[in-house]
Amino acid sequence: MTKRERAIQEAFKERMDETELLNCMRCGFCLPACPTYIETGFDETQSPRGRIALMKAVHDGLISPDDDVEKSLNLCLGCRACEPVCPAGVQYGHLLEEARDIFNEYNRYSLPVKTVRKTVFEGIFPHQNRMANAVGLLGFYQRSGLQKAARKIGFMKLFPENLRQMEKALPEVPLRKALKNRPANLAANTNQVKAKVAFFRGCLMDTMFMETNDATLKLLQKAGCEIVIPEGQNCCGALHGHSGEKDKAKELAKRNIEAFENTEADYIIVNAGGCGAFLIDYDHLLKDDPAYSERAKVFTAKMKDISQILYELDFHNEVPLSLKNQIITYQDSCHLRNVMKTFIAPRALITAINGADFREMEKADSCCGSAGIYNIVESEMSMQILDHKMEKVADTKAHTIVTANPGCLLQMKLGIEREGLSDRVRAVHIVDLLLEACN
């Protein structure tokens with residue numbers, strides 16, 4: 001065993017939750033819910049119970065934490081579909097994040113990889129102004145003619161096929177000046193204020209997907225919500241937490257708690273399933289921090305997805321919704337469903353739209369293969385999952401695929417491009433669909 005492997009093993013002994021590892025009964029209920037287990041032809045090392053067995057074996061000193069163990073952990077989507085079906089209630093996602101964090105701490109990244117990680121995790125995502133500048137460059141690429149030129153001369157052929165298709169699926173980025181015009185407070189558009197909410201605007205959501213954030217605010221106003229958008233909020237930390245950068249995730253969590261705790265809001269609203277799942281786990285992330293553990297519990301108790309608050313405020317029954325001749329299907333955001341337990345609300349809102357024919361997709365609750373940056377770092381598995389997902393979409397004959405997370409939305413747009421369906425099928429965020437149905 002190498003020096004590095006011994007250090008990782010010691011860290012597993014010290015930091016992994018042995019009680020949680022022992023809670024796994026190896027019953028196998030998780031197997032049918034796990035995308036990578038299915039896609040690899042039922043390879044046990046690519047299943048939740050198999051990965052827990054590997055973690056426990058490293059913890060107990062029975063195996064070395066070698067490249068094969070790390071590869072198994074990295075191939076996991078982190079969709080947490082295993083958790084709702086687990087009779088023992090094993091918190092697999094928490095175990096996975098801790099294990100990845102340990103491996104990352106002792107990893108020997110090459111200089112280019114270190115540079116990219118430092119730029120992304122420290123240089124861009126924690127700073128909203130830098131995120132806006134980075135997305136602004138993408139907007140310049142789209143509007144200046146560079147995008148058309150790059151496609152015309154065949155420059156994009158230098159990139160892998162999935163990245164070429166992803167470039168086509170990217171939304172049109174708003175002008176840089178539009179990103180600066182976000183108000184701090186908005187009044188309800190109803191005579192009676194039903195709730196005071198604080199809006200988590202996110203990093204990508206308030207730049208690349210700014211129009212979806214605008215639509216979210218309009219829906220909340222129509223539903224009777226007074227809205228406050230706290231200054232000082234930043235990235236939720238999900239990308240960091242899922243990529244072995246746990247300390248940085250904690251720093252971001254603390255800043256968000258500080259930003260929201262004096263708003264006197266009844267609820268904190270999020271419109272991105274991946275962000276929401278990480279935000280609602282702040283109480284676990286900071287459970288050992290005496291200065292923030294109780295504050296984190298107060299924060300997470302207020303978290304709600306936009307679809308859930310609209311559903312609870314009876315928006316779908318009080319606001320007329322209609323669309324003409326639309327066959328609609330819904331793709332669950334894994335984290336929205338499996339962590340935030342929100343899956344009835346979005347379906348109820350969609351089925352309330354007059355003129356829309358909602359068709360439930362088979363295995364709508366299975367991962368689409370996006371999983372943050374998984375579709376880039378594990379592109380082969382991601383595309384394999386996506387192709388099977390698009391077969392289920394085709395069975396519904398839907399014109400519109402609805403989802404509730406930016407990563408899922410881009411992945412479904414990518415699937416549409418891969419299948420050559422861009423002239424017949426669209427993918428939209430649920431709030432954009434609902435606002436469209438209001439008009």
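Asker: Please explain the overall build of the protein as it appears in this structure.
Answerer: Counting secondary structure elements, the protein contains 25 helices and nine strands. Principal-axis analysis of the C-alpha atoms places the extent of the protein at approximately 65 × 55 × 40 Å. Looking at the protein as a whole, 55% of its 439 residues qualify as buried. The averaged location of the 59 negative side-chain charges in the protein is 5 Å from the averaged location of its 56 positive side-chain charges.

Asker: Please clarify how the side chain of Gln-142 should be interpreted in this entry.
Answerer: Residue placement: Gln-142 occurs in helix H9 (residues 128-143). Here Val-173 takes part through its backbone nitrogen, which lies 2.9 Å from a polar atom of the side chain of Gln-142. The residues contacting Gln-142, other than those within four sequence positions of it, are Gln-147, Leu-170, Pro-171, Glu-172 and Val-173.

Asker: Sorry, what's going on with the packing of aromatic side chains here?
Answerer: The way to describe two aromatic rings as a pair is by their centre distance and the angle between their planes. What the rule picks out here adds up to six aromatic pairs. Ring centres of Phe-260 and Phe-299 lie 5.9 Å apart, and the angle between their planes is 85°; on these two criteria the pair is classed as edge-to-face. Taken together, the positions of Phe-260 in helix H14 (residues 246-260) and Phe-299 in helix H17 (residues 293-301) put the pair 39 residues apart, joining distant regions of the chain. Pair check on accessibility: Phe-260 and Phe-299 agree, each one buried. Taken together, the ring pairs in this structure connect Phe-200, Phe-260, Phe-278, Tyr-282 and Phe-299 into an aromatic cluster. Over the ring of Tyr-292 we find Arg-295; its NZ or CZ atom is 4.4 Å from the centre of that ring. Here the basic side chain of Arg-337 rests over the ring of Phe-343, its NZ or CZ set 4.4 Å away from the ring centre.

Asker: Please clarify how the pattern of salt bridges should be interpreted in this entry.
Answerer: Between side chains of opposite charge, pairing is possible as soon as their charged atoms come close. A complete count under the given rule lists 29 salt bridges for this structure. Lys-248 is paired through a salt bridge with Glu-122; the nearest N and O atoms lie 3.4 Å apart. Of the two residues, Lys-248 sits in helix H14 while Glu-122 sits in helix H8 (residues 111-124), which places them 126 residues apart along the sequence. Its relative accessible area of 35% is what places Glu-122 among the partly exposed residues. A salt bridge links Glu-167 to Arg-151; the shortest N-O distance between them is 3.3 Å. On the criterion of sequence distance, the pair formed by Glu-167 in helix H11 (residues 161-169) and Arg-151 in helix H10 (residues 146-152) is long-range, its members being 16 residues apart.

About the thresholds
Residues numbered from 1 in each chain as written. Predicted model: local features only at pLDDT ≥ 70, side-chain atom pairs only at ≥ 80, totals over all residues. Heavy atoms only, no water. Helix = DSSP H or I, 4+ residues; strand = E, 2+ residues; numbered from the N terminus. Buried < 20%, exposed > 50% of the residue type's maximum accessible area, 1.4 Å probe, protein only. Lys, Arg positive; Asp, Glu negative; His and termini not counted. Charge placed at Lys NZ, Arg CZ, Asp CG, Glu CD. Polar contact = N/O pair within 3.5 Å; in protein donor to acceptor, adjacent residues only side chain to side chain. Contact = heavy atoms within 4.5 Å. Phe/Tyr/Trp six-rings, centres within 6.5 Å; stacked < 30°, edge-to-face > 60°. Lys NZ or Arg CZ within 6 Å of the ring centre and 35° of its normal. Salt bridge = Lys/Arg side-chain N within 4 Å of Asp/Glu carboxyl O.

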